[in-house]
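Letter by letter, the chains look like this.
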Amino acid sequence: MNPRATHHRVLACAATAISAGLLLTACGSDKGDSTDSSTANAAAAGDKSSTVTITITDKDCAPDPATVPAGTVKFNVKNKDSAKVTEAELMDGGKMLGEKENLTPGLSGDFTLTLTAGKFEVYCPGADTDKTAFTVTGSAAKSWKDDPQLVSATTSYATWIDGEVQQLVTTTDAFTDAVKAGKIDDAKVLYGKARVHYERIEPTAEIWGDLDGRIDGRVDDAASPADFTGFHRIEQALWQDKSLTGMSTIATQLNTDVADLYAKVKTVEYQPAEIANGATDLVNEIQSSKITGEEERYSHIDLLDFEGNLAGANEAVSVLLPTLKEKDPALVTTLAERYQQTAAALAKYEATPGYEDTGYVDYSTVTDAQRRTLSETVDAYAEAVSKVAGKIA
């Protein structure tokens, strides 16, 4: 996630949505190693379909081929041998259109987009040459915009995202008010109530990498102490430093950045493949930074973040269900089963009111064996979600 080597009863609401959607046909990480997303459906419908290989090395991540016709494009990304470069992104100016991240040496993955003519860049943060030109020419025979069902899906998703970011603004304001007032106990509770909204919409926030970095960056990502800002800087102050001295300025900047995000999301036009890619990214987020405990390393509210990522992925899958049922009913059944398994695995750690009023136990009390079980369940769901983009692109 550029630039990073990038409340509560929402899960019940997500399960209700699943019941109304996925369960009608039977009820929703790509693991970062491989996927089998297909563009066959798009090709059969007369659309132009291309496959681009991106090989990550310390030197660069140049696309092959570097020019393709407009239409559905599947990007196969493989980390050949680089320990310092672990992701590749397709950029349109300052916006990220798609990405594959968390690829350590030897791992591969893919993402699919429907692209119109234009000049783009493949970006791999940390490489010697970190940006390489990528060109799309001509026009596609057909577009997802010709399908009312997919247009409705993107509209519904945009409305949901807007609502979530509006709630993010409100809960962040309450959180930062407590920070500025020096109310540590209140701020600890309000921290999670804001964080869960960010975790639901994270792929959208990552479209603007610098903004995402300021809001959600970790200390490891900061070039200097002054560059460590946002939620996690205040999290560190609350739980590690146990002092809010100097945090008023950080809180004010966080308010500004979240308000900026709210203004920006209103300008986004989503495409079906992007929504599906976002679902994959969210499930991968659970695996890479929630189950590991990496993200909420000071507060240990990781299970609430897990819930947020799962709810966001579920929403993305749910809006695409009408099309997915037509394209691959068997996949819908698998998604339903694996979503239920993931939700059930998370539910085992529910508590009332829970640690810091999150509805869950303190994640630091979850054993390594329990984390492995969670990881295995999420892996299975991730594998199914990773197939969606190729089916609806």
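Structural data are supplied above this passage.
Conventions used here
- Residues numbered from 1 in each chain as written.
- Predicted model: local features only at pLDDT ≥ 70, side-chain atom pairs only at ≥ 80, totals over all residues.
- Heavy atoms only, no water.
- Helix = DSSP H or I, 4+ residues; strand = E, 2+ residues; numbered from the N terminus.
- Buried < 20%, exposed > 50% of the residue type's maximum accessible area, 1.4 Å probe, protein only.
- Areas by Shrake-Rupley, 256 points an atom, 1.4 Å probe, with all protein chains shown as cover.
- Core = buried A, V, L, I, M, F, W, Y, C linked by side-chain atoms within 4.5 Å.
- Disulfide = S-S within 2.5 Å.
- Salt bridge = Lys/Arg side-chain N within 4 Å of Asp/Glu carboxyl O.
- Pairing = 2+ DSSP bridges.
- Axes fitted to C-alpha atoms, helices over the stretch in contact; angles between N-to-C directions.

K.L.:
Would you take a moment to explain the overall build of the protein chain for this structure?
P.N.:
When you go through the protein chain residue by residue, the secondary structure sums to 14 helices and nine strands. Relative to its 393 residues, the protein chain shows a buried fraction of 57%. In the structure as shown, the protein chain presents an accessible area of about 14700 Å², 51% of it carried by carbon and sulfur atoms.

K.L.:
What exactly am I supposed to notice about the nonpolar core here?
P.N.:
Soluble globular proteins tend to pack their nonpolar side chains together in the buried interior. In terms of nonpolar packing, the biggest core is built from 81 residues, with F175, I234, L261, L320 and L335 touching the most fellow members. Residue contributions to this core peak at twelve residues, all from helix α3 (residues 148-180). Residues I56, V77, L113 and L115 belong to the second largest nonpolar core, which totals 22 residues.

K.L.:
Just checking my understanding: could you explain the state of the cysteines for this structure?
P.N.:
Covalently bonding the sulfur atom of one cysteine to the sulfur atom of another cysteine gives a disulfide. According to the stated counting rule, one finds one disulfide in the structure shown. Paired through a disulfide, C61 and C124 show a sulfur-sulfur distance of 2.3 Å. As the torsion about the S-S bond is roughly -100°, the C61-C124 disulfide counts as left-handed. A residue pair is termed long-range when its members are at least 10 positions apart, and C61 in the loop between β1 (49-56) and β2 (63-64) and C124 in the loop between β8 (118-123) and β9 (131-137) qualify at 63 residues.

K.L.:
Whenever I open this one, the pattern of salt bridges confuses me. Can you help?
P.N.:
Side chains that differ in sign of charge can pair as their charged atoms come close. One pass over the structure, following the stated rule, counts 24 salt bridges. Ionic pairing is found between R200 and E164, a salt bridge with its closest N-O pair at 2.9 Å. With R200 in helix α4 (residues 184-200) and E164 in helix α3, this pair connects stretches of sequence that are 36 residues apart. Comparing R200 with E164 shows no difference in burial state: the two are buried. Put simply, R195 and E295 hold a salt bridge, and the shortest N to O gap is 2.6 Å. You can see R195 sitting in helix α4 and its partner E295 sitting in the loop between α9 (272-290) and α10 (302-319), a full 100 residues away along the chain. Grouping residues by exposure puts R195 and E295 together as buried.

K.L.:
In this structure, what is going on with the sheet that holds strand β5 (residues 88-92)? I would like to understand it.
P.N.:
Each strand in a sheet pairs with another by means of backbone hydrogen bonds, the pair being arranged parallel or else antiparallel. If you walk across this open sheet you meet the five strands as β3-β9-β8-β5-β6, and the pairing is mixed. Each of the sheet's edge strands pairs with one partner strand only, and the pair in question is β3 (67-69) and β6 (95-100). The average undirected angle you get between the axes of adjacent strands in this sheet is 25°. Sheet analysis places β3 next to β9, joined by three bridges and oriented parallel. Within β9, the residue paired with T67 across the bridge is T135.

K.L.:
In this structure, what is going on with unusual backbone geometry? I would like to understand it.
P.N.:
Negative phi characterises most residues that are not glycine, and trans characterises most peptide bonds. Across the junction of D64 and P65, the peptide omega takes the value 0°, indicating a cis bond. Along the chain, P65 turns up in the loop between β2 and β3. A cis amide bond links T352 with the next residue in sequence, P353, at an omega value of -5°. By secondary structure assignment, the location of P353 is in the loop between α12 (329-347) and α13 (368-385). The phi angle at D357 is positive, at roughly 60°, despite the residue not being glycine. According to the relative accessible area criterion, D357 is partly exposed, its value standing at 28%.

Keep in mind these values describe shape, not function.
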